[in-house]
Amino acid sequence: MASAITSWSEENFSCSICLDVFSSPVSTPCGHNFCRTCITKYWDGQVKYKCPVCNELFHTRPDLRVNTLLSELATQIRTNLQVEEQPCVEPAEVPCDVCTGTQLKAVKSCLVCLISYCQTHLEPHQRVAGLKKHRLVEPIDHLEDRICVKHNQLLELFCQTEQVSVCQICTETDHKSHPVVPLKEEYEVKTAQLGKIEAEVPQMIWERKLKIKEIKDTVDMSKKDADREIADGGQVFIALIGCVEKCQDDFNQTVKEKLISTEKQAEDLIKELEQEIEDLTNRCSEVKQLSYIKDHLYFLEAFISLKNPPPTRDWTTVEVRPPSYVGTLRRSLDQLEETLNMEMKKLCNDAELKRVQQYEVDVTLDPDTAQPRLILSEDGKQVHDGGVVNKLPDNPNRFTQYIHVLTGQSFSSGSFYFEVQVKDKTAWCLGVARESIDRKGKIIVTPETGYWTLYHDKDGFVFRDKPAVRLPLRAELQKVGVFVDYDEGLVSFYDVEARVHIYSATGCTFSDSLYPILCPGYCYNGDKNSAPLIITPVNQTD
């Protein structure tokens, strides 16, 4: 029967009045079928009763009875049509738990049955009296997970204290004193939070990608620094190897010279001995010939004519002493040590200065910070004492007593380096200072007050600290290099021309931005300190 029904089209079971599948179909005496409601309404508006299809006229209104077989067939067709019209479940939708084969979209979920139904399978809940009492809600996926295991009730509320979903009975028992809200309300709150997180996460991802790039750049820079350091170190070791080889050559030469001197002494003595041997041999020959003469007269005449014996040395005290090499190697090694120390210091200073010069920065003096006696060049690279106090606008950044001036550039991380010419000056001070230093009135210039400076005058060379660090005077100091590693807390000073490290302050604490600071020293009438301090570009070929 089912296969036969499915082979017929919908038109075979359609009412010719409403054009829909029969509902309570009835048959007229002429054999045509209509919905009871359709034919009843049709005849209610007619005076004569006739068939709407064949127009056969009936003298009396026919007594219509439901066509049982056709009614069952029409119901089956209508059910099939409803199933076909219902949408199949999409991935994000709740499926019907009753459908077999192709699952349809659920339209309701029953909290009693714990089952979700499509429109077709929901029909008993809309018709059967006992099922009508069941509580139906909008479709819920995995309905069994949404039921309170303790009270068998729908989890409709959210406990804000314990951050868990609860049912209505839970709020009256275990969560009685806890604040609870509907799931939808908490959902909206959490959704808003999620939106904020979604907005923040891309920024966090970007920041971390930026940090990765920063780390990779640091590694790349470290590799370049390592390569440069290896190259510089290689040159240093080659130079030191050269010193060792020269010392070895000098040592060998010293030993060889001692050996040659001994050999020369021995050779001269041997020559002298050989000469004496030759002379004595000749005399021996003469004496022997004289011994052959038996005639007394001839013998006496020949004896008188015999030459006096040649002078000879007393060889019993003569000896060739082997040269002593004791101490030769030690003296050579001592000389090597001294040479290596000087060479290492020179080479390390040169390599170190080259390295810090890589961090050169271009700085200019800030006129708004200059003490009123100071005269700055137009390009902001030179400063000297003008000898008189100029009238300048009152500026909170200006020094009022000590003739100091800061640069317009500051640094709060990383490393930086600059050079200042101090040629022809008898007094000066330079270094770096914190932004927060006191610039008014008398100032105690130490690291504790925010100053890291090198000072020079007729009394000596000093790093200003508490206590002050006295340093050896440097002859003909012309240019000073200042290097700062903010992150490492390091301030170093260099004699640029001599390529020598002067002094380093280590373990410094920098709490805010650092400014290069210059003080050209006072210049009085006839004073030799009139030359300016000059910020110069770095020349790494010096």
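From a predicted model like this one, the values you see are computed outputs, not experimental measurements.

A. A nonpolar patch on the surface, seen in detail. Judged by side-chain polarity, Leu194, Ile197, Val201, Met204 and Ile205 come together as a nonpolar surface patch covering roughly 400 Å² of accessible area. Note that Leu194 resides in helix α7 (residues 183-291).

B. Layout of unusual backbone geometry. Cis geometry marks the peptide bond from Lys466 to Pro467; its omega dihedral reads 5°. Residue position: Pro467 is located in the loop between β17 (460-463) and β18 (469-471). Within the chain, Gln163 stands out as a residue other than glycine whose phi angle is a positive 55°. Mapped onto the elements, Gln163 comes out in the loop between β8 (157-159) and β9 (164-166). Positive phi outside glycine occurs at Asp424, with the angle close to 65°. Inspection of the secondary structure assignment puts Asp424 in the loop between β14 (415-421) and β15 (428-434). Owing to a relative accessible area of 58%, Asp424 belongs among the exposed residues under this scheme.

C. Highlighting a negative patch on the surface. A cluster of acidic residues, Asp97, Asp141, Glu144 and Asp145, forms a negative patch on the protein surface. Secondary-structure assignment places Asp141 in the loop between β7 (136-137) and β8. Overall, the relative accessible area of 33% leaves Asp141 in the partly exposed class.

D. Quick look at the pattern of salt bridges. Here the structure, examined in full by the defined rule, presents 21 salt bridges. The shortest N-O distance in the salt bridge between Arg321 and Glu319 comes to 3.0 Å. By relative accessible area, which is 46% here, Glu319 ends up partly exposed. The salt bridge partner of Asp362 is Lys381, with a shortest N-O separation of 2.5 Å. You can see Asp362 sitting in the loop between α9 (328-357) and β11 (374-376) and its partner Lys381 sitting in the loop between β11 and β12 (382-385), a full 19 residues away along the chain. For Asp362, a relative accessible area of 61% corresponds to the exposed category. Classification of Lys381 as buried rests on a relative accessible area of 18%. By sharing partners, the salt bridges in this structure join Asp350, Lys354 and Arg499 into a single network.

E. Representation of the sheet that holds β11 within the structure. An order of β11-β12-β23-β14-β19-β20-β21 is seen for the seven strands of this open sheet, with the pairing classed as antiparallel. Of all the strands in the sheet, just β11 and β21 (500-505) have a single pairing partner and so form its edges. Strand-to-strand twist in this sheet, taken as the mean axis angle between neighbours without regard to direction, amounts to 20°. Sheet topology note: the β12/strand β23 (residues 533-536) ladder contains two bridges and is antiparallel. The partner of Gln382 across the bridge, within β23, is Ile534. Along the sheet face, α9 touches β14, β19 (479-485), β20 (490-495) and β21 and points at about 110° away from the line of β14.

Rules and cut-offs
- Residues numbered from 1 in each chain as written.
- Predicted model: local features only at pLDDT ≥ 70, side-chain atom pairs only at ≥ 80, totals over all residues.
- Heavy atoms only, no water.
- Patch = residues over 30% accessible without salt bridge, like charges linked within 9 Å, V, L, I, M, F, W, Y side chains within 5 Å.
- Areas by Shrake-Rupley, 256 points an atom, 1.4 Å probe, with all protein chains shown as cover.
- Salt bridge = Lys/Arg side-chain N within 4 Å of Asp/Glu carboxyl O.
- Helix = DSSP H or I, 4+ residues; strand = E, 2+ residues; numbered from the N terminus.
- Buried < 20%, exposed > 50% of the residue type's maximum accessible area, 1.4 Å probe, protein only.
- Lys, Arg positive; Asp, Glu negative; His and termini not counted.
- Charge placed at Lys NZ, Arg CZ, Asp CG, Glu CD.
- Pairing = 2+ DSSP bridges.
- Axes fitted to C-alpha atoms, helices over the stretch in contact; angles between N-to-C directions.
- Contact = heavy atoms within 4.5 Å.

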